[in-house]
Amino acid sequence: PLLIPEIGKEHLDKLEQTIKAYQQLEQELYAAKPEVIIIISPHGEAREGSFTIEQSPKLKADFKKFGDLVTKLEFSNDIGLGYQIKESCETSLSIMLVSSNQLHYASAVPLYYLTHNLGNIKVVNIVYSDLSREDHIKFGEIIKEEAEKSGKRTAIIASGDLSHKLHQDSPAGYSPQAQEFDQSIIKLVNDKKIKQIINLDKELIAEAGECGYRSLLILLGVIKDLNYEPEQLSYQAPFGIGYLVENFKLK
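Conventions adopted
Residues numbered from 1 in each chain as written. Predicted model: local features only at pLDDT ≥ 70, side-chain atom pairs only at ≥ 80, totals over all residues. Heavy atoms only, no water. Axes fitted to C-alpha atoms, helices over the stretch in contact; angles between N-to-C directions. Helix = DSSP H or I, 4+ residues; strand = E, 2+ residues; numbered from the N terminus. Parallel < 35°, antiparallel > 145°, perpendicular 65-115°, else oblique. Left-handed = near helix turned anticlockwise from the far one by under 90°. Contact = heavy atoms within 4.5 Å. Nonpolar A, V, L, I, M, F, W, Y, C, P; charged D, E, K, R; others polar. Core = buried A, V, L, I, M, F, W, Y, C linked by side-chain atoms within 4.5 Å. Buried < 20%, exposed > 50% of the residue type's maximum accessible area, 1.4 Å probe, protein only. Pairing = 2+ DSSP bridges. Expected span 1.5 Å × (residues − 1). Arc of directions from axis to C-beta.

Caption draft 1: Fine view of the packing of helix 3 (residues 79-89) against helix 5 (residues 133-150). Running from N to C, helix 3 and helix 5 cross one another at 130 degrees; their axes reach a closest spacing of 9 Å. Here helix 5 runs oblique to helix 3, going by the angle between their axes. Considering only the axes of helix 3 and helix 5, their crossing is right-handed. For the pair helix 3 and helix 5, contact is made by Leu81, Gln84, Ile85, Ser88 and Cys89 and by Phe139, Ile142, Ile143, Glu146, Ala147 and Ser150, respectively. Residue composition of the contact of helix 3 with helix 5, grouped by class: 7 nonpolar, 3 polar and 1 charged.

Below, the structure is given as structure tokens:
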């Protein structure tokens, strides 16, 4: 939420690289002219043992609980695509359709920066689960298949932070392994080592206190068989939490 100008205020200078990376990504997204954005979030209306897909016709977001009474977002939901993804998972994965219509800030912040010029873009909001890593990869594969079947130009955003324990004053406390986790993820992503990302040590993941790993797994499930080039746009951790902005450029 500190990335939202009305909230971050004097802290925005510390996030300059991240904001510039978002702006670059926004320009590329605008040039790509997507019809729908699928956003994968670590937070929202989660259900134990199940992925969730938001099915409210309108998806709204505000930042009132952070003291910002000005910034508001609203998107039309691509209900049909969300439902088709659920139908395709019916026999293999647990998917719940939910109807809360309020986007969590983990979805709202990326959408705030990336949809400035996209007009009537539709959104599908997905929250990851506590299911296995393999299930997250499989879910990504199904999302890819359904996006292709839809015939719509589709963008995918994987939202979430890397480690929450990078500094002594980090909100989740400090871990000496936090930096190892972040640097491992960054290197493996940029080297396209998908198997190594999937098989990352579970104790290292737990110790890092992250919230973006499973979002990344779903995204990797979407793109692993495509010809893509990873491009790191920024990495910052001014508040003890790892912020990575990465573009997976399809060739």
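Caption draft 2: Up close: the nonpolar core. With 45 residues, the main nonpolar core has Ile85 and Phe139 as its most contacted residues. Non-local contacts of Phe139, meaning those with residues more than four positions away in its chain, are made with Phe51, Ile85, Cys89, Leu93, Ile95, Ile126 and Ile218. Core analysis: the second largest hydrophobic core is formed by 34 residues, Ala21, Leu59, Leu111 and Val245 among them.

Caption draft 3: Expanded view of the pairing of strand 8 (residues 228-236). With 8 bridges joining them, strand 8 and strand 9 (residues 243-250) adopt antiparallel strand pairing. Residue pairing for strand 9: Ser234 is matched across the bridge by Val245. Taking the residues between adjacent antiparallel strands as the criterion, strand 8 and strand 9 are bridged by 6 residues, where Gly240 takes a positive phi near 80 degrees.

Caption draft 4: The arrangement of unusual backbone geometry in detail. Phi is positive for Lys33, which is not a glycine, with a value near 50 degrees. Among the secondary structure elements, Lys33 is positioned in the loop between helix 2 (16-32) and strand 1 (36-41). Even without being a glycine, Lys192 presents a positive backbone phi close to 60 degrees. Here Lys192 falls in the partly exposed class, since its relative accessible area comes to 36%.

Caption draft 5: Focus on helix 2. Taking 1.5 Å as the rise per residue, helix 2 with 17 residues should run 24 Å; its terminal C-alpha atoms sit 24 Å apart, in good agreement. Within the sequence span of helix 2, burial applies to Thr18, Ile19, Ala21, Tyr22, Leu25, Glu26 and Leu29. Across the axial projection of helix 2, the buried residues extend over an arc of 155 degrees, all falling on one side. For helix 2, the exposed residues lying more than 90 degrees away from the buried face are Gln27 and Ala31. The elements touched by buried residues of helix 2 are strand 1, helix 4 (105-114), strand 7 (154-158), strand 8 and strand 9.

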